[in-house]
Structures are given as C-alpha cells and as structure tokens.
There are 2 protein chains.
Amino acid sequence: MTQNVTVVMGQIDPIVGDISGNVDLIIEAAIRAKNESQADIIVFPEMTITGYPPEDLLLRDGLYPQINQALNRICEAVTDIVCVVGYPMMDELGERFNMAAWIEEGLIQASYMKQNLPNYSVFDEQRYFTAGHHPCVVEFNGIKFGILICEDIWKITPSTQARDAGADIILNLNASPFSEEKHQDRIATLQRRVDEIKKPIIYVNQVGAQDDLVFDGGSFAMCADGEVCVQAPEFKSELTAVKLVKQADSVVILEGQKSKLFEGEARIYEALKMGVKSYVQKNGFPGVILGLSGGIDSALTLAIAVDALGADNVEAVMMPFRYTAEISKEDAAQQAKTMGVKYQSIPIESMYSAFEVALAASFEGTETDLTEENLQARIRGTLLMAISNKAGKMVLATSNKSEVAVGYSTLYGDMVGGFSPLKDVPKTLVYRLAEYRNTLSECIPNRVITRPPSAELRPDQVDQDSLPDYDVLDTIVKQYVRLDKSPAEIVALGFDEEDVRKVIRLIDRSEYKRRQSAPGIKITQRAFGRDRRYPITSHYSE
Amino acid sequence: MTQNVTVVMGQIDPIVGDISGNVDLIIEAAIRAKNESQADIIVFPEMTITGYPPEDLLLRDGLYPQINQALNRICEAVTDIVCVVGYPMMDELGERFNMAAWIEEGLIQASYMKQNLPNYSVFDEQRYFTAGHHPCVVEFNGIKFGILICEDIWKITPSTQARDAGADIILNLNASPFSEEKHQDRIATLQRRVDEIKKPIIYVNQVGAQDDLVFDGGSFAMCADGEVCVQAPEFKSELTAVKLVKQADSVVILEGQKSKLFEGEARIYEALKMGVKSYVQKNGFPGVILGLSGGIDSALTLAIAVDALGADNVEAVMMPFRYTAEISKEDAAQQAKTMGVKYQSIPIESMYSAFEVALAASFEGTETDLTEENLQARIRGTLLMAISNKAGKMVLATSNKSEVAVGYSTLYGDMVGGFSPLKDVPKTLVYRLAEYRNTLSECIPNRVITRPPSAELRPDQVDQDSLPDYDVLDTIVKQYVRLDKSPAEIVALGFDEEDVRKVIRLIDRSEYKRRQSAPGIKITQRAFGRDRRYPITSHYSE
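An unreviewed UniProt entry lists chain A under the name Glutamine-dependent NAD(+) synthetase, from Thiomicrorhabdus lithotrophica. What UniProt records for chain A under Catalytic activity (unreviewed entry) is the sentence "deamido-NAD(+) + L-glutamine + ATP + H2O = L-glutamate + AMP + diphosphate + NAD(+) + H(+)". The UniProt entry for chain A carries the following comment under Function (unreviewed entry): "Catalyzes the ATP-dependent amidation of deamido-NAD to form NAD. Uses L-glutamine as a nitrogen source."

Observations regarding unusual backbone geometry
Between Tyr52 of chain A and the following residue, Pro53 of chain A, the backbone shows a cis peptide bond with an omega angle of -5 degrees. Backbone geometry at Glu456 of chain A places phi at a positive 50 degrees, although glycine is not the residue there. Positionally, Glu456 of chain A belongs in the loop between α12 (446–450) and α13 (470–482). The phi dihedral of Glu55 of chain B falls on the positive side, at around 50 degrees, and the residue is not glycine. Within the secondary structure layout, Glu55 of chain B lies in the loop between β2 (41–43) and α2 (63–77).

Re the relation of the copies chain A and chain B
When chain A is brought onto chain B, the operation consists of a screw motion whose angular component is 180 degrees and whose axial shift is 0.0 Å, with 0.0 Å RMSD remaining. Taken together, the turn and the small shift mark the pair as related by a two-fold rotation axis. No C-alpha of chain A approaches the rotation axis more nearly than that of Gln516 of chain A, which lies at 2.0 Å. Looking at chain A, 100% of its interface residues are interface residues in chain B too, so the copies touch through the same face.

Thoughts on the domain arrangement of chain A
Where interface size is quoted, it is often the accessible area lost as the parts come together. Residue and element names in this part refer to chain A. Splitting chain A by domain gives domain 1 (5–257) and domain 2 (265–515). Interface of domain 1 and domain 2: buried area, both sides summed, is about 1200 Å²; carbon and sulfur atoms make up 61% of it. Secondary structure elements with two or more residues in the side of domain 1 that touches domain 2: α4 (182–197), β10 (207–210) and β11 (213–216). With three residues, the single largest contributor to the side of domain 1 that touches domain 2 is β10. Here the side of domain 1 that touches domain 2 is built from residues that sort into eight nonpolar, three polar and six charged.

With respect to helix α9 (residues 349–363) of chain B
The axis of α9 of chain B is deflected most strongly, by about 35 degrees, at Val357 of chain B. Regarding α9 of chain B, the residues found buried are Met351, Tyr352, Ala354, Phe355, Ala358, Leu359 and Phe363 of chain B. In the core, the buried residues of α9 of chain B are packed alongside α8 (349–363) and α9 (370–391) of chain A together with α10 (370–391) of chain B. Just beyond α9 of chain B, the residue with positive phi is Gly365 of chain B, at close to 80 degrees.

Let's talk about the interface of chain A and chain B
Taken residue by residue, the interface counts 81 residues in chain A and 82 residues in chain B. Regarding the contact of chain A and chain B, the summed buried area is about 6900 Å², with carbon and sulfur atoms giving 53% of it. For the chain A face of the interface with chain B, the top three residues by lost area are Arg60, Lys390 and Tyr540 of chain A, together amounting to 12%. As a salt-bridge pair, Glu542 of chain A and Arg60 of chain B come within 2.8 Å of each other at their nearest N and O atoms. One can count 52 residue pairs in polar contact (both at pLDDT 80 or more) joining chain A with chain B. It is α9 of chain A that provides the largest number of residues to the side of chain A that touches chain B, a total of 13 residues. Its residues assigned to classes, the side of chain A that touches chain B comprises 33 nonpolar, 26 polar and 22 charged.

Conventions adopted
Residues numbered from 1 in each chain as written. Chains lettered and ligands numbered in written order. Predicted model: local features only at pLDDT ≥ 70, side-chain atom pairs only at ≥ 80, totals over all residues. Heavy atoms only, no water. UniProt positions renumbered as here; feature names shortened; annotations may be inferred. Helix = DSSP H or I, 4+ residues; strand = E, 2+ residues; numbered from the N terminus. Least-squares fit on C-alpha atoms with pLDDT ≥ 70 in both. Contact = heavy atoms within 4.5 Å. Domains from an automatic or database assignment. Buried area = accessible area lost by both parts, 1.4 Å probe. Nonpolar A, V, L, I, M, F, W, Y, C, P; charged D, E, K, R; others polar. Bend = angle between axes of the 7 residues up to and from the residue. Buried < 20%, exposed > 50% of the residue type's maximum accessible area, 1.4 Å probe, protein only. Salt bridge = Lys/Arg side-chain N within 4 Å of Asp/Glu carboxyl O. Polar contact = N/O pair within 3.5 Å; in protein donor to acceptor, adjacent residues only side chain to side chain.

The structure is reproduced here in structure tokens:
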C-alpha cells in the first residue's frame, strides 16, 4: 500500500567551515519544506554541514566532534520530515568518509559512504577520504530510495548497485562546480544512468561559490525516460518540490516546476556575478574598488561588480598617465556615472617621476624597456591597495584569461587584488559578455567595445604589437591549456607555427606569475590554479 | 655459483621536464659507474627521466612518446651495466603508472609498477597514477633483486611481497623531499622493514630541488641487521658504490663509504642553499637581488644567497625611510661589504611624499593607520622589482614562517619576489641559523642578531608591539599548523588563552596573503602551500 511522496530539493548555499550556520540553514529549509510543500523528505547537497570543498579543514581532528554535534542538532530539530544531509565522518581507525545520512524521526536511520572519490581537476578527495563499498537503500512509504553522492553518478557501478539493492529511485547529493558546459554534461550523464537502471534520479546541487568555484545549483529531477521533469533555478537558493507516485512497480515523478535556465553568455555572466558576490560577502568585505582604465576588462569587471554588489558598494579609480588617451578618461568617467559608482581620478605622473629620479643612478646607461611599463602598473597597484587598506574595500583585479595565460600583465601591478573575476574568461569572451551586458541596459560605452585593446603603457601601444589577434590567441590557449594539444597538433589546425610556438612559450614561462595571482572564478573546463597544476621550474617542451 | 656484485647508487639531480638532459645525466652516470667502480648495476631515483614531481605535465599525452624515446636512448647507450631507472608510463587504455625499468644488455628485461601512491602532504600521485599490484624480482649473478619505488617502502606489504617472491635484497628508488627530521624517519622506517623481511635495502634518493621541495640525497644501503653500512653524501650529486656478496643464503653488504651527514642547523642551512641555488639556476636567472633592511631575516637571506650563488650574483638594496635606525643602515652596509656584494641605498622619502600628496583627497579626514606602513613596504617592493626587471635578476623575498603564518607582512610589499627562502623557517630558527652561519665565518653583524626585531614602519616600533614573543608565537604556530592541535589543546600546554586565540585568528585570516606569496623551501613537516591546502573563504573555528 503506497502513497504519494513529496521530496524537496534543498538547494542551499552553505559557507565552508560555518558548521553552526550551515545547520541553521538546514533546519530552516527543512521546516520550510514541511510547512510550504508538505514535504516528506528534503535532500541537501553533498557535504552540506561543512560546505564544499572544505579542503584541509578535513584533516583537523577538531572538526569531527563538531560534525557530531551538528547531526545531533538536526536530529533534535527536524523530526517531522526526513532529512538527507551530507557530511564528513571519521571512524575509530581515523579513516574519513564522505557521507550522507538519512535522518528520520530524530535518528540517523541509514547512512551512505561515497564510493567514487574524484581526484582530478579541482578535486582532491582521495587526499581525505576512504571509499565506501556498499549501497544504501531506504524504504519510505513503500518507495525505496537509493542514496548516492556526486561522482558516484558519473560512473556506472554505484547506480546499478543501488538498483540491484532494490532502489526505485536515486537521490543524488552534489557539490558540482560550474563550468560552461557542465549543465549539459550532467544531463547527458544522468540520461545514460537512467537508461541503464530505468529508474528516476533526483539530482540536488549546492548553490553559491567558494573561492574559485561557483556552484550553479540547477537541481533537477529526471524521469526514468531521461526527461527532466522538475527543474530548480540556477544561481539561487531555493526549495523545489518533486512529487512522486508509485504506479505498478515503478516510481513516477509527476510534472512539477520547471525553472527557465540561463544560456550562453547570460549563464556565464550569472556565474561571474555569483562568484564575486559570494567571495566578497562570505569574506566580510564592505565592498570593492577597482582601477577603471577605459579598457574593456575593467569596464566588464565594473559591470559585474555593480550587478553583484550594488553600486553603493563599488568604487572606481582612474589613474591616468601621459599615455592615457583622452577617450579612455571620458569613457571611464562615463561608465562610472552611468552605473552610479563613486569615482575618482588620480594621475600617476608625480609618483612616476619620483621613482624615475630614485632609480636614475641604478638605471644609468640602460635603455627604456618593459621596466618602465611595469612601474606604471605598480604605482597604480600601490594606489589601489592604499585606498583599499584605508577603507577596507577589497581590490578587484581585472586581468582576463588570455593575459593570465601569456603573462601579459604586471605582477604586483595590474595583478593586485583579492579576487580576479575574469581570470578564466578569455578576451574574446570578455567582448561577448560586455555586449551581452549592454543588452540588459547600456552601461559600457560602445567605444570601449569597438576600439583596439591597449595597455596604454607606451605611446600608440596596442595589445597586438606583442600578441597575435585575440581570436587566434584564445584558440591556441584553449587547445594547449584545456585540451592538452601539442604544438604540432595546433599548427595542424591551420595556425601559424611561429604564433603557436610563441604563445606556448609564453604560457609555459608565465606559471610563476599565475602562482602569485589572486583567485578567480572557474568558468571553463580547465582553469588556471588548482585545476591545472604545473611546475614553475620546468624544461619540458613538445 | 654466485659472484660479488657492485651496485652504484646514482644520486643525481634531474630537472623536471628536461627529458633529454636527464637522459644525458643517466647515461653519463652509468658510464662513470662502470668505468670508475666497475659497477654491475646502477640504480637511479624515482621518475629519473622526468624529474620529480612533474605534476600536471603527466597529463600531457605528448610526454609519453618522449619517455619511450628516452628509454630507447638509454637502452642503446648503456649496455655493459644494468640500469634501473624510474619514469611514467601510459598503457593502451590511457592509464598511467609510476614505473621502474631494469635495463640489461640494451633491453628492458623487467619493469615494476609502484603500488603505494602517496596522496597526502605535498603528494598528488593518485591524481595521475594507477597502482600496480605485483612484485618485480630480477636475478643477476645469482642474487635476486626486488624493486620498489619510494612510498612502497613506507608500508609493509610491498617489501614482504618482494621477499615472498624470492628477493635477496631490495632496490628502492626514491624522490623523497627533505624536511627537518626526514632522514631519521627514513632510517627508522627502513629498520622496521629490514626487521620484517631480514633482507638488506638499497635506498637511492634524488638530490637537488624543484620549486618548494628540496631533495637531500643521502642515499644509503642498510644491512639486514638495520645498520647503515654505506652512506652517500647529502645535498650533492654523487655515485656511491655498494658491494654485495652472497654468503650462504643471504646477501651481505660489505662495508663501504660512509659520508658524514649534516646535523641540526647545518642540515637546514644546506637545504636552504640547495633550494635557492636550484630555483635560480634551473630557471635561468643571472642572479638575485634583495632588500637589505638591517634586520635578521634579510641578513640571513643574503648569507644563504651568497653561499648558494656566489657574491658576484647577489645584489643588496637598502631603502631607508624616516623610521630606519642609523644602526640598520650601518649594519646593512657592513654585511654587504663583508660578503662582497653589490650594494646601494635608495631612500624612499620622495616617493612616499608623492603618494601622500596623490592620496590626500582620498584620505581626507582619516587617521594614520596600517595603510601608511604598507605604503612604505610597497614602494620598496616596486623599487626592487624595477631593478630586477631592468637587470633580469630575481628578487628574493625575505619573510619568515612566523610572519607568513600570521600575515605580518605586506602583500606586494616585502612579500614581492620570485622565491622566498625563509618561508618555512620560523623566526626562532632564523636566529639559530644566523648564529650557525656566523660560526662558519662572521658575516652577519652581531647587533643584527641581538637587537629586538622591528619592521621599522613607524617610530620606535618593535614586532612584539603586535605579536607575542617569537618563542611563544612559533610554538603556537607549530601546534596549530603542523600538529593540527585545537586552541584548547594549545592553551592546555600552558599558553595564554588570549595569545592562542589571537595567533590562530591571524593564521586563519592570512590564507589570502599566503595564496599570493612566492614559493619557498619546505623544511618542516608541514609547510604552507601545497602541503597545507586551506580554503581562503572559511568560517571554521574550534
């Protein structure tokens, strides 16, 4: 004798390490799910109690008593709805597991140990966890729920094992970071799984951001035929109900809410907003400042910052020098005005002269070179940091991925900042995002988008004096960095061999700069940083 | 019918990624071992052909054809001595293994796949490799050699498995990074192994350094009774012969060379020298410059740099300001003179004034605070970087571990630099190392060691205005960072609770600075960096 069962996807935004705050979120969501949706079960993301990824906090013995207290609090507070939460556990032998608990009527009635521990890309789970080996299937109101955690669903075994253990439906707890094509990958992967097991899957993802990772949410329920029948929104904490009914021998998901998803540039823009907002707010900054140069990178960064934090919390500083074009000053001032942010201009001439005099003896007999360009950038960085230190607002760096790749940026200069929103955004995508943003409301002056990009560090300079066209550069970077293609393979795609060699040499040699760069938001399938761990000292070449 | 066999421990210094250069080293060493020691077998370190750790270079498909060519070159060039080399291998399924090959008479006669893949501390081997499961035992002149790789010897199974497969002796290929007590750990661990298997072990370690890791060499042969009977030198490329003879059923190691080992501060000093030398030379810098403040950190850094690179390749810059004591200027000049390095003094007053004027409007109505101190540090950083950019010499940062821990340093200020030799050296150890260095020859003025430490960023400032005494601070850092002790446990050791809370709060909040710091040399059992991966955004507390 079975009844309908309502499962709520508890798409929440925990903060890493905030055990008691995360428990508050869990309890509040459980109560709300019961009250608003008459839900029977609420399912939360992977590692709900710690937030994901907690990294080496997992190595602290002091964490585990706090986890036990947290579980006790949930057991006490949530008694009229089943609560499926994720957390780390340490056993008597000191081995750690990535767990999910089925909490029913104030007790942990069942628990599951994650079996597939990802140890690639940004993931280091084998650093912390021992793999489980057993399925976990719990019956509730005549329906058997199989519990899996994140990576488990990307392989065949755990879901077939759960089905073989009797599961009618899979509950999958995730902390799956955003990248451009990740949503499609998830759908395609889960379609393979439901095709194999012929059972529906409820996929609950974390939302929010943690350092360089954005979690886009977008939780969904997939019917046994591979169709997404309930879709939670992206980039938003939300509880979404999934109604189940057992018909004959199968569990069927009834049609439910289908949130519209973002696409293309809009989706990436939302990810960037969420990354900035989370980093700034979770780290307690009262706002941000950035250098506004009249160029496209700082223009887009300003737009993202304002959209993420509100104009009152964003401040822009133009720092002109003798090479700054008049239109740069005009466009910077114009955008600041349009967006309603505090704006000031501090010319750097006097500081530059003071350095020139101080270094005169040291530089006697040498030619002007990149040193003088870097000096301008470092004076600007120092000014921004001074304003930041005085007011407590964090500096946003404005480098894009193309620059980060080839080192076309000044360490301690334009690279200063606590966070670097465009770090994983190639220049060609910077343009597309700027154009997209202007479709919402015209905020970036058109001239900023159409003029040739320039660092304005010497007379009449344009980026293409030292770099190939950005469409060429970005393709080479993608082939080499994301796809690990060899120089020969890239040349075979039709690129000039000299361009390819030059770009790859620059990428290889710039690792030392990237190591000292601010964290940014991963949006591609391979970002710089923990996603791509290259040695600085390396004589490797292909 | 058995004969004596001579095994040479090929303690060499490969460069990560320099496949052809490393093969040259291997071939040259093999020829030399044959000619000079009439050796039968030469054993090299783990991953000899790539150097260790190659990190994500291992993910490049283009690496593996190069490895095959390298093995072919060795097979062709080394035919009159058995060569045991380490390298990565990719099989037809795309799985990667950490391998050792027994190359005899121009052919790979046997190969071994590492079984224990470390994925803790600085190691990420499960990111790259699949574990092997089988022993590899090769008979040569009546002696059966069991091959193991590094971590294999830290666990019981692989060595007992090799013994069960008939091994008379174990050849262990290592890339074991230095830390203070690592040598003793290795001896103690291998004594447990020989006690279990009753067979001797030849332990061959890499020497040199790679980014933040120093490999101290110190290869040795341990007899079946646990005694070290042959000892190669530390911190030096060297070939050391081990003579074996089979008596009754056992292989016996005849007494051989016993290099004297370094101890205490001397050993750490050698590690620091090797770290600096390798980083600078392998990255092709013509030399280094550093800011010499008259304080102990820059004084010790200068000594290490000169000892590592020679006085001609080191340059010191004093950058005095209104708060710089006369004795600081005198002592800096004195040490530079004693050590014979190029020295100049550039006062920062004029640049400071220019910034003060430029920021006046922005700072109107605010109080003087840390901003003005940071500004001094950033002007100095900018000067050093300008001199570095012009001449190509790399800047050495001078922060010590105590400062790095609590964030007592200025991002883009005194933290600038390509490499940070003292990053893992606590302040109390900085003093001990300075005293040790002066026992070799008096180079650090005594006053630098005896005066109270000060950043000299405001009048009459001393470090202890804002920090507990360094012996207290360093113990708290060690308890919290290296031993993962909770605040309560640390207070229970007898420390003031307020001190403990303050230091831990500072450590937790300074992760963002450390993320942008230059790489340094790991000398303790837990360094900051890839050895301790904490989130920046974290609300965790104990």
